[in-house]
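A closer look at the structure
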Amino acid sequence: MISTPLRRKLAVLSFVLLPLGAAAAACGGENSSTECGVNSCTVTFERGVEASASILGVKAELVEVRGQLVTLKIAGQTVTVPVGEGEQSEGFNVSVQSVTDDQVVVKISNSGGG
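1. Notes on the confidence of the model for the protein
Mean pLDDT over the protein works out to 81, with 73% of the residues at or above the 70 mark. Every residue in residues 9-26 is under pLDDT 50, and counting partners more than four places away or in other chains gives three contacts.

2. Thoughts on the state of the cysteines
By the definition in use, this model includes one disulfide. Covalent S-S linkage joins Cys-36 and Cys-41, the inter-sulfur distance amounting to 2.0 Å. Residues Cys-36 and Cys-41 share a disulfide whose torsion about the S-S bond is about 115°; that sign makes it right-handed. Neither Cys-36 nor Cys-41 differs from the other in exposure class; each is buried.

3. Observations regarding the nonpolar core
Of all hydrophobic cores here, the largest spans 22 residues; its most connected members are Phe-45, Leu-72 and Ile-74. For this core, the elements supplying multiple residues, two or more each, are β3 (40-46), β4 (51-55), β5 (58-66), β6 (69-74), β7 (77-82), β9 (92-99) and β10 (103-110). The dominant element in this core, judged by the number of residues it contributes, is β5, at four residues. Discounting residues that sit within four places of it in the chain, Leu-72 has contacts with Phe-45, Glu-61, Leu-62, Val-63, Gln-77, Thr-78, Val-79, Val-94 and Val-106.

About the cut-offs
- Residues numbered from 1 in each chain as written.
- Predicted model: local features only at pLDDT ≥ 70, side-chain atom pairs only at ≥ 80, totals over all residues.
- Heavy atoms only, no water.
- pLDDT = per-residue confidence, 0-100.
- Contact = heavy atoms within 4.5 Å.
- Disulfide = S-S within 2.5 Å.
- Buried < 20%, exposed > 50% of the residue type's maximum accessible area, 1.4 Å probe, protein only.
- Core = buried A, V, L, I, M, F, W, Y, C linked by side-chain atoms within 4.5 Å.
- Helix = DSSP H or I, 4+ residues; strand = E, 2+ residues; numbered from the N terminus.

Take a look at the structure:
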């Protein structure tokens, strides 16, 4: 049998950890895969199809890849980012980590963390 103080601590711990699990579970998308933490997500977009992800409370969409330039729409704002570099858009840091014939990998983080 679990003691009452221990039971209370376990109940409080579950409520403390709930937002962390909700933040990680709140990411997903169409023709994309996501890996999210509390302040950032790495999104792998499939190329050649409409690809989007719902991350950090906003929608991120792959618009176009032209050479080494990737155009994304983050929270309705269009931003073009060179591969290997980063830009800011709508309070988010957006960096393109890699581009292949099949996919585009992008890291998106809150400007205040990452």
